[in-house]
Amino acid sequence: MKSYKRTYIADAANIFVRNLLCEISEMLGGFSERDWRATRHYFDYRCAYTGKPLAPAATVMDHAVAHNRAAGGLHLYGNVVPASREANASKGGKSLDEFFASDAACLRGMNAEEREMRKRKILEFQRVSGYLEKCRSLGFDLPEFLQTSYEEIRRLAEKRLETLDGKIGRTESGRKIAERYEASKSQRLFLWATKKSQVSHKIIAEFLQHERMTVGDLVDRVREAGISDNAYGAVHGMMTDKGHNYGRIFMEENGYLVFVPELQARLEEIKSYDWSL
């Protein structure tokens, strides 16, 4: 049977926020191919974060101010910078200060002075490009606007689900089936907690040791700890229903990894399991 990616209300609300960010970016001029060429030239065809040379095929666009509701970064000239895939994944939703102060694998070997120099170059780019001025021209607190919009969509979606529940007339047995599904997911996770030799156990144990991790952070930890020969695939495999019987465990929220909603609601219970290695 072909599996599919389960979506949640939070996914829908996040998609709406990203749509708002895209619309605002377009209203303020958007980001053209010409802008991208000028950006890559400004950074000497190197990764803006590490300073390493990048071939066109190895270059990805990253938002210096994260393109999410918490940070409110826009897809505009001055905020889009060239990055390696590794740096892009490790930065995630971090601010420039957080990222350059982190222990990301892609930054190792760079001393404090080099990190500060790379950060200053990005900040200067945001200034001379006119990006900061465009953000000020909005005249309102963008992250606050995005958060309010996110909550409105969540409330609307929850209300519509309640209406749908009433129209379908979910029976008591139907509700019990749904409750059993949510409980069974955490029970299956408990099984992972008992299988200390399993890659999945070790990945979750590593995740629980940190308060906030991007996908790249966790991939770095899994690789460095020798948990899997394919750290990228192992982590991303736990972000989908495909590939194992335990179902999707992680999702991205504002650039950081979190447990899927039914597990996030049981976080304290999950933390009480024995995740020692």
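Residues numbered from 1 in each chain as written. Predicted model: local features only at pLDDT ≥ 70, side-chain atom pairs only at ≥ 80, totals over all residues. Heavy atoms only, no water.

## Things to note about the overall build of the protein
No. 1: For the protein, the helix and strand inventory stands at 13 helices and four strands.
No. 2: Counting the 277 residues in the protein, one finds 43% classified as buried.
No. 3: With the model as given, the accessible surface of the protein reaches about 15,300 Å², and the carbon-plus-sulfur share is 52%. (Helix = DSSP H or I, 4+ residues; strand = E, 2+ residues; numbered from the N terminus. Buried < 20%, exposed > 50% of the residue type's maximum accessible area, 1.4 Å probe, protein only. Areas by Shrake-Rupley, 256 points an atom, 1.4 Å probe, with all protein chains shown as cover.)

## Here's the deal with the packing of aromatic side chains
For any two aromatic rings, the description comes down to two numbers: the centre-to-centre distance and the angle of the planes.
No. 1: In this structure the tally under the stated criterion is 14 aromatic pairs.
No. 2: Relative to Phe 259, the ring of Phe 207 has its centre 5.1 Å away and its plane inclined at 80 degrees; by these criteria the two rings are edge-to-face. Residue Phe 207 is located in helix 9 (residues 199-208), and its partner Phe 259 is located in strand 4 (residues 256-259); the two are separated by 52 residues in the primary sequence.
No. 3: The class of Phe 259 is buried, set by a relative accessible area of 2%.
No. 4: A ring pair is formed by Tyr 273 and Trp 275, whose centres lie 6.3 Å apart and whose planes are at 40 degrees; its orientation type is tilted. Like Tyr 273, the residue Trp 275 is buried in the burial classification. (Phe/Tyr/Trp six-rings, centres within 6.5 Å; stacked < 30°, edge-to-face > 60°.)

## Some details on the environment of Ala 225
No. 1: Of note, Ala 225 is situated in the loop between helix 10 (215-224) and helix 11 (231-237).
No. 2: It is 9.3 Å that separates the C-alpha atoms of Ala 225 and Glu 206, two residues lying 19 residues apart in sequence.

## Re the pairing of strand 3 (residues 250-253)
No. 1: Relative to strand 4, strand 3 runs antiparallel, the two sharing four bridges. Paired with Phe 250 across the strands is Phe 259, a residue of strand 4.
No. 2: In this antiparallel pair of consecutive strands, strand 3 and strand 4, the connection spans two residues, and Asn 254 shows a positive phi of 55 degrees. (Pairing = 2+ DSSP bridges.)

## With respect to helix 10
No. 1: Here helix 10 lies mainly inside the structure; eight of its 10 residues are buried.
No. 2: Listing the buried residues of helix 10 in full gives Val 215, Gly 216, Asp 217, Leu 218, Val 219, Asp 220, Arg 221 and Val 222.
No. 3: Contact partners of the buried residues in helix 10: helix 3 (85-91), helix 9, helix 11, strand 3 and strand 4.
No. 4: Two residues or fewer past helix 10, Gly 226 is found with a positive phi of approximately 70 degrees. (Contact = heavy atoms within 4.5 Å.)

## Here's the deal with helix 2 (residues 33-42)
No. 1: Inspection of helix 2 places Asp 35, Trp 36, Thr 39 and Arg 40 among the buried residues, and these make up the whole buried set. The arc enclosing the buried residues of helix 2, seen along the axis, measures out at 130 degrees, which places them on a common side. Opposite the buried face of helix 2, by more than 90 degrees, sit the exposed residues Arg 34 and His 41.
No. 2: If you follow the buried residues of helix 2, they end up packed against strand 1 (60-63), strand 2 (80-83) and helix 5 (112-128).
No. 3: Once helix 2 finishes, Asp 44 follows within two positions and takes phi at roughly 55 degrees, a positive value. (Arc of directions from axis to C-beta.)

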